[in-house]
Amino acid sequence: MLINEFNFDLPENLIAQEPLENRAESRMLVIDREPQTFYDEHFIRFPTFLKSGDVLVLNNTKVFPARLFGALETGAKVELFLVENLENNVWETLARPAKRLKIGKRIIFSDKLSAIVTEKNDEGRVFVKFDADGDFDAILDEIGQTPLPPYIKRNDRSSAADRERYQTVFASNRGAIAAPTAGLHFTPKVLDEIERLGVTVAEITLHVGYGTFEPVRADDLTNHKVMAERCEISSETAEILNAAKRENRRIIAVGTTTTRALESATDEKNEIKSGKFEADITITPNYKFKTITGLLTNFHLPKSSLLVLVSTFAGHELIMNAYNHAVKNQYRFYSYGDCMLII
């Protein structure tokens, strides 16, 4: 298939700019794959779609403040978006404006943090080595900004409220540069209700990286490849999932990142492997899902790898019709928006 087949028109006013006051008050479009139907619901009723024996899988990655604003020694302003920690405080970054950053230039962020440009590549990445006077993560927490997607407008800076709301309530493992947004709808109360139903809640970690939202650059999806992302599945979670698979119980993934982790971890024997690994699978049309049987996800950008994944799971025509319904019925889109449950 061609990436243009995953396009749709979205009015700008439907792109959610702020989270709802109550996380669980989001609308939820329910898609049933067997009768090929969809209908309107609210996330607060999400537990009613679960049953005893189901396994609900969450991505517990935690977003860190990956946007830094600094200046060169000339005073010229610079912004860095931290993409990946390579080694010894050397980071791969996206920079703005990159043309100002010559190799050897020093960037000053505060009296405790500076960096030297060590390398640039043809893909527009800038590599820097940080010099921190103290604990690097603590300094980032003090001066860094929440890395909101560019379609959320904050006068170039995130708000104090974003630091809490662009984070799931179950986030525990620091390392993501973007939130696993399907998880943003959950509250402790909803999670308690789910567990009272006899649903097992399991956690994996996939540190959301640039690959999750990198634009699809291939016209033909057979030529598309999503960058690998760091992932970890504990032996306890693997045992829970493998037991559910043997017993034909439902495994419902919260988010496309959780989906990618679980499908990447499923080996040729149809078992989930545990440990740390790179989730490097690219899900495109004709992919056969091996582990997940249900998916909770937000609404994604046109012509994105995430929309391709969701469409592959539920069916292209059904998903595109559902998206058109969501637009017509004024659903809120993207990170702070509403959600979709595919059963």
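Below is a summary of the structure that appears in this document. (Residues numbered from 1 in each chain as written. Predicted model: local features only at pLDDT ≥ 70, side-chain atom pairs only at ≥ 80, totals over all residues. Heavy atoms only, no water.)

What about the pattern of salt bridges?
- Under the counting rule described, the total for this entry stands at 12 salt bridges.
- For Asp 137, the salt bridge identified is with Arg 174, shortest N-O distance 3.8 Å. Here Arg 174 lies in strand β11 (residues 173–176) and Asp 137 lies in helix α1 (residues 136–143), a separation of 37 residues in the sequence.
- Relative accessible area serves as the criterion here: at 35%, Asp 137 is assigned to the partly exposed category.
- By relative accessible area, Arg 174 is classed as partly exposed at 31%.
- Between Arg 217 and Glu 214 there is a salt bridge whose closest N-O contact spans 3.7 Å.
- Taking the relative accessible area as the measure of exposure, Arg 217 reaches 61% and is therefore exposed.
- For Glu 214, a relative accessible area of 17% corresponds to the buried category.
- A cluster of three or more residues bridged by salt bridges with shared partners is formed by Arg 67, Glu 79 and Arg 96. (Salt bridge = Lys/Arg side-chain N within 4 Å of Asp/Glu carboxyl O. Helix = DSSP H or I, 4+ residues; strand = E, 2+ residues; numbered from the N terminus. Buried < 20%, exposed > 50% of the residue type's maximum accessible area, 1.4 Å probe, protein only.)

Considering the packing of aromatic side chains
- The final tally for this structure, using the stated rule, is 19 aromatic pairs.
- Ring centres 6.1 Å apart and planes at 70° place the aromatic pair Tyr 323 and Phe 333 in the edge-to-face group. One end of the pair, Tyr 323, is in helix α8 (residues 316–328); the other, Phe 333, is in the loop between α8 and β17 (339–342), and 10 residues separate them in sequence. Side by side, Tyr 323 and Phe 333 carry an identical accessibility label, which is buried.
- Cluster of aromatic residues (ring-pair linked, three or more members): Phe 8, Tyr 151, Phe 299, Tyr 323, Tyr 331, Phe 333 and Tyr 334.
- When the ring centre of Phe 313 is taken as reference, the NZ or CZ atom of Arg 33 above it lies at 4.0 Å.
- The ring of Phe 277 carries Lys 273 above its face, with NZ or CZ at 5.0 Å from the centroid. (Phe/Tyr/Trp six-rings, centres within 6.5 Å; stacked < 30°, edge-to-face > 60°. Lys NZ or Arg CZ within 6 Å of the ring centre and 35° of its normal.)

Considerations on helix α7 (residues 305–314)
- Among the 10 residues that make up α7, 10 are buried, leaving the element largely enclosed by the rest of the structure.
- Within α7 the residues assigned to the buried category are Ser 305, Leu 306, Leu 307, Val 308, Leu 309, Val 310, Ser 311, Thr 312, Phe 313 and Ala 314.
- Packing partners of the buried residues in α7 comprise α4 (210–213), α6 (256–265), β16 (294–298), α8 and β17.
- Phi turns positive one or two residues past the end of α7, at Gly 315, with a value near 110°. (Contact = heavy atoms within 4.5 Å.)

Thoughts on the nonpolar core
- The biggest cluster of nonpolar side chains holds 64 residues, and the ones touching the most others in it are Ile 233, Ile 319, Phe 333, Met 340 and Ile 342.
- Considering each element in turn, this core owes the most residues, seven residues, to α8.
- Look past the residues within four positions of Phe 333 in its chain and what remains in contact with it is Phe 8, Leu 10, Leu 14, Ile 15, Ala 16, Phe 299, Tyr 323, Ala 326 and Val 327.
- Counting 26 residues, the second largest nonpolar core, distinct from the first, contains Ala 66, Leu 82, Phe 109 and Val 128. (Core = buried A, V, L, I, M, F, W, Y, C linked by side-chain atoms within 4.5 Å.)

Some thoughts on the packing of α7 against α8
- One can describe the packing of α7 onto α8 by two numbers: an axis separation of 7 Å at closest approach and a directional angle of 120°. Classed by the angle they form, the pair α7 and α8 counts as oblique. In contact with Leu 307, Val 310, Ser 311 and Ala 314 of α7, α8 contributes His 316, Leu 318, Ile 319 and Tyr 323.
- Partitioning the contact of α7 with α8 into residue classes produces six nonpolar, two polar and no charged. (Axes fitted to C-alpha atoms, helices over the stretch in contact; angles between N-to-C directions. Parallel < 35°, antiparallel > 145°, perpendicular 65-115°, else oblique. Nonpolar A, V, L, I, M, F, W, Y, C, P; charged D, E, K, R; others polar.)

Note that all results are geometric; they support no functional claim without further evidence.
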